[in-house]
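# Overview (structure and organization)
Residues per chain, in single letters:
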Amino acid sequence: MRLDDLSIEPTRVTFWGSRSALEIRSPLPGVLRVRHIPSPGNSSLTSRELSPKQSWSVVEHSELPLSVRNDKARGTAVVEAEGLSLEVQPEHGTWVLRDTGGRELARCEGFSGETMPDYPVNRFRSRLTLHAPPDEAWLGFGEKVGTLDKRGMHFVFWNTDVVPHHPDTDPLYQSIPFSLGLRDGVAWGFFLDESWRLEVDVAAEDPTRVRWESAGPELDTYLFAGPMPADVLKRYTALTGRPPLPPLWSLGVQQSRWGYENAREIRSVIRDYRAHKLPLDCVYLDIDYMEGYKVWTWDRSRYPDPAGLASEAAAQGVKLVTIIDPGVKAEPGYRVYDEALAGDYLVRNDRGSVLLGEVWPKPATFPDFTREPVRKWWGQLHRGFVETGIAGFWNDMNEPACFRLINGNETFSINSAPALDLGRVEGPTLPHDARHGDRRHLEVHNVYALGMARAAYEGLRELVPERRPFLLTRAGAAGIQRYSAVWTGDNSSYWAHLELSIAMLLGLGLSGVSFTGADVPGFLGRATGEMLVRWTQLGTFYPLLRNHSAKGTPHQEPWRFGEPYLSIAREWLERRYRLLPTLYTLMHESSQEGLPALRPLVMYAPGDTEALRMDDVFLFGRDLLVAPVIRQGRTRRHVYLPEGRWLPFFDLGLSSGEPVEGRQHVLADAPLSSVPMWLREGGALALTEPALHTTSANWAHLTWHIHAAPRMEARLYEDAGEGYGASRLTRLSGERASGRFVLERSTEGALPPSRATETLCVYALSEPKEVLGGREHRFVDGVLLVEVDAGWSRVEIRL
Ligand code: GLC
């Protein structure tokens, strides 16, 4: 591909070929946007103006200045922006991305494409090849199976409802075409901002190349500078949006089951939770609450008084969340359907009539969430449920899932649709040629759920401006983090799925989605008591902790498994509540900086290839390394500890163990009740007391667990746990030098503390001679406990 002409504007540089183009802009510092338009036959290019392109994912960008240096001798043009430069070889349509130090981060070996002018729908193919040096790791890609490093894998981006899925199933429900490259300890990012069906071959076919292919007419890419993985993520989430801080209650324990029959059963679940002294913050109502699967209705024979049920639950500290599926039953007289028809809100088939399919409702129609009036209408539909006291919404089947298609009086299986000339279909969904306004399904399938989540989020912000929305979604696209938490869909009670959830959630976190979880202890199938315990232990650290199970499978609430499993599960659910100050602070950090709560070890050890292989271990925030047991019958597990010193902190218990040097493999004891964990040197965790449900995130009890080091720092974010009122950010810093360890505390924000005292547990110190600034102190089993006033500002420990 030759791109001989160059046009230079202050914020845009474009290389033109005879019918192709490469356009470069810089939307944010350290970010370049490169539009690759290979498309022969794109007549608009003759006017030297690219058609504007809508992005569903990008929210924040400016137009930063660019400069161009022509190197005639080398035949290249270097486009420079803040933080990055792109050296383009116009003769070949290739480029090299460099950081400000001149280090090569990435290399595009070319792009190409075809247009099939006679095809009405699947007309385009656009491809882009990136060089993949042998020592480069490729992480991210959203919700994908496999190891953390996706090198050697091939993925399709096409949101799909798959039941059951397996540890190698692809695609699943989410499409986030973002990757993080890692080589020699330096990270960079790549985002393909296309809603079309996509594929990527991650150096599987050719070990030296990563190849992207889109069913759309161009490849709109964003390139991100590091150098650390966290820097890339901050930039990516600045571009595609950061997750809002969720209400505190949504970080508590959640119980769900497809098969809870009626209000009576919901009451008894809550009663049993309380009778067994188990913490619980929320119960989900699955599809059976609806009348005939009609969304936004109640089956009054099962739920005669939903508002009464919601207030009874609230009296127990429990919120209700309802499932909301996008499929709208086609039934004249049903208000939602009538409004959708009257407003022309529904997806149409290729011939222009309203598309009919089958999901839970039969026949079903599908709102077209790509259009703003449809989103506004849908957002307002939440009003009745909000007034009933429903606290959150669970968006499901939003790939969208469609089991069968209806044509006239006949119903056809999705697989026979192409043969019957109903349009090509991939997976149980709508045909490629279904119409969303001027667009075809092939183009917007992957952003269907994003539009639905946006409709819900924006609707709730308007309807209840004083509360933070809680949404949970199965499907999504890049940017879904702006609106919703994500769970990984229909897993099974397999040990392999327990294990898989770790790399999956880490991958989602590395793709901007922090608020995630997998169903504990597996949605389909039958869990054992041991699995319940091990999965609850892991789930203690999932940002979203939900126990869920499928109709027809055994009930999986913790008490169904008897002892000792119930007691051990209770201990871990209690630990979840003790961890809330830290988890809440991590979610606040996500909302500010885009970093996920669950982080792979490589996040802070990007050059460590051993750390890269640890797919079944994670960091909870920066400081707590967690190594859950993921195999049946195991009571020990292998862990690699990266650089630094690590204090054994198993089960969040007061630790008297000696710190362990990192960069070594260890074998840790992990009897059924226990999870190996370590606290990083210089790190701290803020813990509170267990509770049966959440109340306020202005913690009445607080203990800091501090691993003393030459330098330490930690943060704590507090507020009412709901709404948009006053907050307080506490910063802790510590310095150890010349026989003293000095801790200092500073705060920002108007929220006054709700406690009189705090406790500091300081580890890895010898018995002090004196402690200044505390009320009292004790030195027990190598741990220094200092009681301080909540307003403390300095504690000096003389050693
Ligand atoms: C889908 C969801 C599952 C839900 C079921 C019934 O399979 O993934 O969580 O329980 O539908 O609504």
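Every chain's residues receive numbers from 1 upward, in the order its sequence appears when written. Totals for whole chains, interfaces and linings use all residues, but because this is a predicted model, local features are given only for residues with pLDDT of at least 70 and pairs of side-chain atoms are given and counted only at 80 or more. For the side-chain quantities, the full set of heavy atoms in the structure was used; hydrogens and water were omitted.

## Re the site of the ligand
Neighbouring the ligand are 13 residues; D286, D396, R474, D490 and H548 lie closest to it. D286 is positioned such that a nitrogen or oxygen atom in its side chain is 2.5 Å from an oxygen atom of the ligand. D396 places a side-chain nitrogen or oxygen 3.1 Å from an oxygen atom of the ligand. Its residues placed into classes, the shell around the ligand shows 8 nonpolar, 1 polar and 4 charged. The rule for a residue being near a molecule or strand is that one of its heavy atoms must lie within 4 Å of it. Counted as a polar contact is a pair of N or O atoms within 3.5 Å, where, for protein atoms, one must be capable of donating a hydrogen and the other of accepting one, and residues adjacent in sequence contribute only when both atoms are in side chains. Basically, the charged four are Asp, Glu, Lys and Arg, the nonpolar ten are Ala, Val, Leu, Ile, Met, Phe, Trp, Tyr, Cys and Pro, and anything else, Gly included, counts as polar.

## Concerning helix α5 (residues 372–380)
Each residue gets one of three labels from its accessible area relative to the maximum for its type: buried under 20%, exposed over 50%, partly exposed in between, using a 1.4 Å probe on protein chains only. Strands here are runs of E lasting at least two residues and helices are runs of H or I lasting at least four, both read from the DSSP assignment and numbered beginning at the N terminus. Within α5, the full set of buried residues consists of V374, R375, W377, W378 and G379. The contact rule is simple, with two residues in contact once any of their heavy atoms fall within 4.5 Å. The secondary structure elements touched by the buried residues of α5 are β21 (319–324), β22 (328–329), α4 (335–343), α6 (382–388) and α8 (448–463).

## A word on the pattern of salt bridges
Should a side-chain nitrogen of Lys or Arg be within 4 Å of a carboxyl oxygen of Asp or Glu, the pair is scored as a salt bridge. For the coordinates displayed, the defined rule picks out 69 salt bridges. Among the salt bridges present, the one from E63 reaches R25, with a minimum N-O distance of 3.1 Å. Of this pair, E63 sits in the loop between β4 (31–37) and β5 (67–71) while R25 sits in strand β3 (residues 21–28), and the two are 38 residues apart along the sequence. Notably, a salt bridge pairs R728 with E718, separated by 2.8 Å at the nearest N-O pair. Of this pair, R728 sits in strand β46 (residues 727–737) while E718 is found in strand β45 (residues 711–719), placing the two residues 10 residues apart along the sequence. Each member of the pair, R728 as well as E718, carries the same accessibility label: buried. Through salt bridges with shared partners, one network takes in R740, E744, E770, R794, E796 and R798.

## Thoughts on the side chain of Q174
With respect to the helices, strands and loops of the structure, Q174 is situated in strand β13 (residues 174–175). Under the relative-accessibility criterion, Q174 is labelled buried at 1%. A polar side-chain atom of Q174 sits 3.0 Å from the main-chain carbonyl oxygen of R474.

## So, the nonpolar core
W378, F541, W678, W704, I706, L760 and V762 are the most contacted members of the largest nonpolar core, which has 214 residues in total. Residue-level mapping places this core at the junction of two domains, with at least three residues from each of domain 1 (5–226) and domain 2 (696–798). We call a set of buried Ala, Val, Leu, Ile, Met, Phe, Trp, Tyr and Cys residues a nonpolar core when their side-chain atoms join them within 4.5 Å. Formed by 41 residues, the second largest nonpolar core is a distinct cluster that contains L3, F111, A132 and L192. Each domain's extent was defined by an automatic or database domain assignment.

## Observations regarding unusual backbone geometry
Both trends apply: most residues other than glycine have a negative phi, and most peptide bonds are in trans. A cis amide bond, omega -10°, links K362 with the succeeding residue P363. With respect to the helices and strands, P363 occurs in the loop between β23 (356–358) and β24 (364–365). Residue E563 is joined to P564 through a cis peptide bond whose omega torsion reads 5°. The topology assignment puts P564 in the loop between β34 (545–547) and α11 (565–593). Although it is not a glycine, D184 adopts a positive phi angle of roughly 50°. Structurally, D184 is set in the loop between β14 (178–183) and β15 (186–192). Exposure remark for D184: the relative accessible area of 63% places this residue in the exposed category.

## Brief notes about the sheet that holds strand β50 (residues 776–780)
Strands qualify as paired when DSSP identifies two bridges or more between them. As summarised here, the arrangement of the 5 strands in space is β43-β44-β48-β51-β50, forming an open sheet in which the pairing is mixed. The open sheet is flanked by β43 (684–687) and β50, the only strands paired with a single partner. The average angle at which neighbouring strand axes cross in this sheet is 20°, direction not considered. Across 6 bridges, the pairing between strand β48 (residues 757–763) and strand β51 (residues 783–789) is antiparallel. What sits directly across from V762, in β51, is L784. The angle between two axes is taken between their N-to-C directions and runs from 0 to 180 degrees, where each axis is a line fitted to C-alpha atoms and a helix contributes only its stretch in contact. Contacts from α11 reach β43 and β44 (703–707) within the one sheet, and its direction differs from that of β43 by about 125°.

Spatial relationships are all this shows, so hold off on functional conclusions.
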